[in-house]
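# Breakdown of the fold
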Amino acid sequence: MASKKVNYFYLGCKVNHYECRAVIQPFLNHEYEESDEPDADVIIVNTCSVTSTADQKSRQLIRRVRKNNPHSIIVVMGCYSQGHLSDFSDYDVDIVLGTSHRFEIYDLVCQYEKDHQRIVLIDDKVRQFGYEELGATTLSENVRAYLKIQDGCDNYCSYCLLPYIRGRSRSREFMDVYLEATYLVKQGFKEIVIAGIDIGSYGRDTKEMTFTQLIERLLQIKGLERLTISSLEASQIDDDFIALFAKYPNLAKHLHIPLQSGSNKILREMNRRYEVDSYFNKIERIREIIPDIAITTDVIVAFPTESEQDFNESLSFIKKCNFMQIHMFPFSLRKGTKAESLTNIVTPEQRRTRSGTLLALSTNNFEAFKNKYVGREVEVLVEYFDEKKGMYYGHTSNYLPMYIRSDTNIIGQIIKTTYQK
């Protein structure tokens with residue numbers, strides 16, 4: 001008998017992609033095979049709601065998947081469905097979940113196949129439960145694999161819905177994290193990227209171990225060539241964590257540390273709970289210990305109360321920090337957040353101008369950072385072969401991209417070479 005087909009689509013962050021890979025695993029363990037053919041028997045859609053644009057894309061994706069797959073069992077899950085259940089009366093989908101009960105998807109599909117009754121299983125927004133273990137997955141990008149250690153957030157920034165739709169911060173059991181990490185290394189993955197919603201809060205709920213202790217245990221896994229931290233708040237970085245870079249050469253010399261604004265006034269209105277001086281002192285401390293580290297950041301442009309003076313103050317501070325790259329996000333109004341009640345003083349023209357200014361600064365910073373390494377010896381973890389260029393592609397430990405020529409297959413190897421842009 002021919003196997004059944006399962007497929008998935010996702011929007012948003014790597015956590016969403018990771019979750020898709022995890023929830024299809026029970027299907028693959030039974031009579032299903034993964035396929036992107038039209039009208040797969042089961043299609044899982046993992047939605048995003050980080051911005052209003054993400055909401056719109058989620059709506060479009062749900063409708064497009066149903067239109068292109070009229071006979072499939074459609075399962076929708078994720079942040080958009082968690083926060084917008086009332087919208088689903090307009091969607092022709094069979095199973096609706098939020099950001100929990102995802103480990104039950106295979107059983108729910110089996111139930112739907114028997115009675116063909118629509119299933120809606122979404123918990124209240126205020127939820128108290130532990131980390132939802134979805135099992136090991138092999139979400140990867142060539143030699144790089146992602147490892148989720150945590151879910152949810154306790155920060156309640158005034159512009160963000162994640163604590164309401166993802167729930168409170170929950171840590172994954174250490175042994176589950178460790179076993180998946182060792183499994184990934186045995187599968188041949190050379191780099192593991194630590195993922196989650198607020199990974200630096202790991203262990204605060206369980207008291208099992210701190211984030212730093214977890215990372216040190218993972219760094220000791222034999223065969224792990226590189227461990228990368230996806231994103232970490234400045235307040236979650238202490239001297240014990242910084243010391244790991246000197247002790248373990250396989251800890252990637254790259255940190256993504258969200259700033260969001262370089263204005264203390266705007267930071268307070270964002271409920272970010274730090275000031276620019278403490279942020280700057282932290283990144284200076286990091287650079288003092290790890291001079292060749294690459295630091296990237298997130299910045300929200302055109303927060304409702306951001307005056308021209310606030311933006312100029314923020315821009316001056318961002319220049320002072322000298323980030324390798326700046327991920328710029330125009331402010332997105334989210335209903336139900338504290339920022340919804342703020343009076344918006346930013347015009348569309350100011351929004352465009354400020355966005356362009358930061359994008360140009362990020363481009364210039366990235367070029368300047370790369371220029372510092374031209375002609376220097378670096379170690380590149382080779383990720384894949386680019387057929388168009390006829391060269392191998394990879395990144396250094398501090399996330400500099402590089403192409404390498406080779407007559408032999410060097411994918412998965414760390415190559416010492418002279419850096420060239």
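Everything below is about the structure shown above.
The following refers to the structure shown. Bear in mind the structure is a predicted one, so any value in this text is a computation, not a measurement. (Residues numbered from 1 in each chain as written. Predicted model: local features only at pLDDT ≥ 70, side-chain atom pairs only at ≥ 80, totals over all residues. Heavy atoms only, no water.)

### A short note on the overall build of the chain
A tally of regular secondary structure across the chain gives twelve helices and 19 strands. Taken over the C-alpha trace, the chain has a radius of gyration of 22 Å; the compact-globule value for 421 residues is 22 Å, and the two agree within 12%. Viewed in the frame of its principal axes, the chain has a C-alpha envelope of about 65 × 60 × 45 Å. Burial statistics for the chain: of 421 residues in total, 54% are counted as buried. When contacts within the chain are restricted to residue pairs at least 6 apart in sequence, those whose partners lie at least 24 apart make up 72%. As presented, the chain carries roughly 19,300 Å² of accessible surface, and 48% of it is formed by carbon and sulfur atoms. For the chain, the centre of its 53 positive side-chain charges and the centre of its 57 negative side-chain charges are spaced 4 Å apart. (Helix = DSSP H or I, 4+ residues; strand = E, 2+ residues; numbered from the N terminus. Rg over C-alpha atoms; globule rule 2.2 N^0.38 Å. Buried < 20%, exposed > 50% of the residue type's maximum accessible area, 1.4 Å probe, protein only. Contact = heavy atoms within 4.5 Å. Areas by Shrake-Rupley, 256 points an atom, 1.4 Å probe, with all protein chains shown as cover. Lys, Arg positive; Asp, Glu negative; His and termini not counted. Charge placed at Lys NZ, Arg CZ, Asp CG, Glu CD.)

### Quick notes on the packing of aromatic side chains
Per the counting criterion, the structure on display carries 18 aromatic pairs. With 5.6 Å between their ring centres and 35° between their planes, phenylalanine 174 and tyrosine 178 make a pair best called tilted. In this pair, phenylalanine 174 and tyrosine 178 are both assigned in helix α6 (residues 174-186), four residues apart and thus about one turn of the helix distant. Taking the relative accessible area as the measure of exposure, phenylalanine 174 reaches 5% and is therefore buried. Judged by relative accessible area, which is 24%, tyrosine 178 ranks as partly exposed. Judged by centre distance (6.3 Å) and plane angle (70°), the rings of tyrosine 279 and phenylalanine 323 are edge-to-face. Linking tyrosine 279 in helix α10 (residues 276-289) with phenylalanine 323 in the loop between α11 (308-321) and β15 (325-330), this pair joins segments that are 44 residues apart in sequence. Owing to a relative accessible area of 1%, phenylalanine 323 belongs among the buried residues under this scheme. A network of ring pairs unites the aromatic residues Tyr274, Tyr279, Phe280, Phe317 and Phe323 as a single cluster. For the cation-ring pair, lysine 320 lies above phenylalanine 280, with the distance from its terminal atom to the ring centre recorded as 4.2 Å. Cation over ring: lysine 389 sits above tyrosine 403, and NZ or CZ is 5.1 Å from the ring centre. (Phe/Tyr/Trp six-rings, centres within 6.5 Å; stacked < 30°, edge-to-face > 60°. Lys NZ or Arg CZ within 6 Å of the ring centre and 35° of its normal.)

### Structural notes on α10
For α10, with 14 residues, the first-to-last C-alpha span of 20 Å sits near the 20 Å given by 1.5 Å per residue. Residues of α10 that are buried: Val276, Tyr279, Phe280, Ile283 and Ile286. Angularly, the buried residues of α10 cover 120° about the axis, an arc narrow enough to put them on a single face. Residues of α10 that are exposed and angled more than 90 degrees away from the buried face: Asp277, Asn281 and Glu288. Those residues of α10 that are buried are in contact with α8 (239-247), β13 (254-256), α9 (264-270), β14 (294-301) and α11. (Expected span 1.5 Å × (residues − 1). Arc of directions from axis to C-beta.)

### Remarks on the sheet that holds strand β6 (residues 119-121)
Strand order across the open sheet formed by six strands is β2-β1-β3-β4-β5-β6, with parallel pairing between neighbours. Either end of the sheet is taken by a strand with one partner, and the two such strands are β2 (32-34) and β6. Strand-to-strand twist in this sheet, taken as the mean axis angle between neighbours without regard to direction, amounts to 20°. When strand β1 (residues 4-10) meets strand β3 (residues 42-47), the two strands line up parallel, connected through five bridges. Bridge pairing in β3 places valine 6 opposite valine 42. Of the strands in this sheet, β1, β2, β3 and β4 (73-78) are in contact with helix α1 (residues 14-29), which crosses β1 at around 170°. Together, β1, β3 and β4 form the strand contacts of helix α2 (residues 52-68), whose direction differs from that of β3 by roughly 170°. (Pairing = 2+ DSSP bridges. Axes fitted to C-alpha atoms, helices over the stretch in contact; angles between N-to-C directions.)

### Description of the pattern of salt bridges
This model, assessed by the stated rule, comprises 30 salt bridges. Between glutamate 33 and lysine 5 there is a salt bridge, and its shortest N-O distance comes to 2.2 Å. Here glutamate 33, found in strand β2, pairs with lysine 5, found in strand β1; they are 28 residues apart in sequence, far enough to count as distant. Given the relative accessible area of 34%, glutamate 33 is considered partly exposed. Between lysine 421 and glutamate 367 there is a salt bridge, with the nearest N and O atoms lying 3.1 Å from each other. With lysine 421 in the segment after β19 (414-418) and glutamate 367 in helix α12 (residues 348-373), this residue pair connects regions lying 54 residues apart in the sequence. For glutamate 367, a relative accessible area of 30% puts it in the partly exposed group. Look at the salt bridges and you will find they share partners, linking Glu19, Arg102, Lys148, Asp151, Arg166 and Arg170 into a network. (Salt bridge = Lys/Arg side-chain N within 4 Å of Asp/Glu carboxyl O.)

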